[in-house]
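Examining the three-dimensional arrangement
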Amino acid sequence: MKVLDTGRLTIRHLEHNDATFILRLLNEPSFIEFIGDKGVRNGADACRYLDQGPMASYQEHGFGLYRVSLKFGGDVVGICGILKREELPHPDLGFAFLPKYWSQGYAFESAQALMEYEVNKHQLDEVLAITTPHNESSGRLLERLGFVDEGNTQLKPDSDEVKLFRVKAEGIAAAR
Ligand SMILES: CC(C)(COP(=O)(O)OP(=O)(O)OC[C@H]1O[C@@H](n2cnc3c(N)ncnc32)[C@H](O)[C@@H]1OP(=O)(O)O)[C@@H](O)C(=O)NCCC(=O)NCCS
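Residues numbered from 1 in each chain as written. Predicted model: local features only at pLDDT ≥ 70, side-chain atom pairs only at ≥ 80, totals over all residues. Heavy atoms only, no water.

Another aspect to go through is the overall build of the chain. Helices and strands together make up the secondary structure of the chain, namely 6 helices and 8 strands. Along the chain direction, N to C, the helices and strands of the chain fall in the order β-β-α-α-α-β-β-β-α-β-α-β-β-α. The C-alpha radius of gyration computed for the chain amounts to 15 Å, which stays within 12% of the reference 16 Å derived for 176 residues, consistent with globular compactness. Projected onto the principal axes, the alpha-carbon positions of the chain cover approximately 40 × 35 × 30 Å. Split into buried and exposed, the 176 residues of the chain put 46% on the buried side. For the chain, the exposed area adds up to about 9,200 Å²; of that, 49% sits on carbon and sulfur atoms. On the chain, the mean spot of the 20 positive side-chain charges and the mean spot of the 26 negative ones are 6 Å from each other. (Helix = DSSP H or I, 4+ residues; strand = E, 2+ residues; numbered from the N terminus. Rg over C-alpha atoms; globule rule 2.2 N^0.38 Å. Buried < 20%, exposed > 50% of the residue type's maximum accessible area, 1.4 Å probe, protein only. Areas by Shrake-Rupley, 256 points an atom, 1.4 Å probe, with all protein chains shown as cover. Lys, Arg positive; Asp, Glu negative; His and termini not counted. Charge placed at Lys NZ, Arg CZ, Asp CG, Glu CD.)

On to the site of the ligand. The ligand sits among 22 residues. The nearest are Phe95, Phe97, Ser103, Phe108 and Asn135. In the model, a nitrogen atom of the ligand is placed 2.7 Å from a nitrogen or oxygen of the Phe95 main chain. Backbone polar atom of Gly105 to an oxygen atom of the ligand: 3.1 Å apart, as the coordinates give it. In the complex, the protein chains occlude 74% of the 950 Å² of accessible area that the ligand would expose alone. (Near = heavy atom within 4 Å. Polar contact = N/O pair within 3.5 Å; in protein donor to acceptor, adjacent residues only side chain to side chain.)

Turning our attention to the pattern of salt bridges. Two side chains carrying opposite charge are able to pair once their charged atoms lie near each other. One pass over the full model with this rule turns up 11 salt bridges. Lys2 is the partner of Asp5 in a salt bridge, and the nearest nitrogen-oxygen pair spans 2.8 Å. Within this structure, Glu126, Glu150, Arg166 and Lys168 form a network of salt bridges that share partners. (Salt bridge = Lys/Arg side-chain N within 4 Å of Asp/Glu carboxyl O.)

In this structure, Ser103 is a non-glycine residue whose phi angle is positive, near 60 degrees. Along the polypeptide, Ser103 turns up in the loop between β5 (92-97) and α4 (106-122). A relative accessible area of 81% places Ser103 in the exposed class.

Here we take up the environment of Leu26. Mapped onto the elements of the fold, Leu26 is located in helix α1 (residues 19-26). Residue Leu26 is classed as buried on the basis of its relative accessible area of 1%. For the pair Leu26 and Val40, spaced 14 residues apart in sequence, the C-alpha to C-alpha distance is 6.9 Å. Residues contacting Leu26, with those up to four places away along its chain left out, are Phe31, Ile32, Lys38, Val40 and Tyr49. (Contact = heavy atoms within 4.5 Å.)

So, on to α1. Taken together, the buried positions of α1 are occupied by Ala19, Phe21, Ile22, Leu25 and Leu26. What you see down the axis of α1 is that its buried residues fit within an arc of 155 degrees, all on one side. Here the buried face of α1 lies against α2 (29-34), α3 (43-61), β4 (76-83) and β5. (Arc of directions from axis to C-beta.)

Written out as structure tokens, the structure is:
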């Protein structure tokens with residue numbers, strides 16, 4: 001199901017058809033370093049991840065991580081969307097792109113359009129984001145999107161520190 005189009009991108013729900021792409025993306029060294037190892041090693045694992053992650057989130061919350069592809073040529077380049085974690089009081093933005101498609105503004109273009117869409121659709125007051133403390137390219141991207149760095153925090157008492165970012169709904173519109 002299509003969610004929206006931007007100037008260069010098409011954003012759609014992830015489906016089992018995306019398992020090959022997900023298998024590749026989730027095993028990129030950058031994904032494992034900055035997001036984590038989801039233990040997805042084959043197509044069946046990827047389908048299970050899709051069922052229990054993005055597709056369960058669409059059912060439960062009406063939003064989730066989506067598939068981002070190029071309008072011109074159709075290459076699938078990454079995933080982007082908001083998630084709702086038990087540990088955080090507001091939805092948080094997530095994104096990951098194949099390295100081949102970095103530094104072309106695709107993450108910014110998809111995240112900006114999606115945040116505006118989800119904030120309006122779900123009447124959100126604010127959106128959060130978390131990164132590992134040394135994920136500088138994500139931090140730069142979040143600040144360009146209007147997020148403010150709120151410093152380090154822990155999602156659980158025994159978990160590693162993460163950097164917390166926050167943007168108010170009015171800040172999303174102002175960052176356009
Ligand atoms: C985080 C991640 C998505 C950022 O990707 P990215 O390619 O830097 O982001 P963008 O596509 O928006 O590109 C931004 C860069 O492209 C440049 N750019 C080129 N053309 C552009 C355009 N048309 N519009 C905007 N920026 C453009 C920007 O100046 C910027 O450069 P900079 O990083 O030197 O400041 C990517 O590094 C990634 O997938 N990392 C692994 C997963 C991850 O860390 N996820 C986040 C977990 S919190």
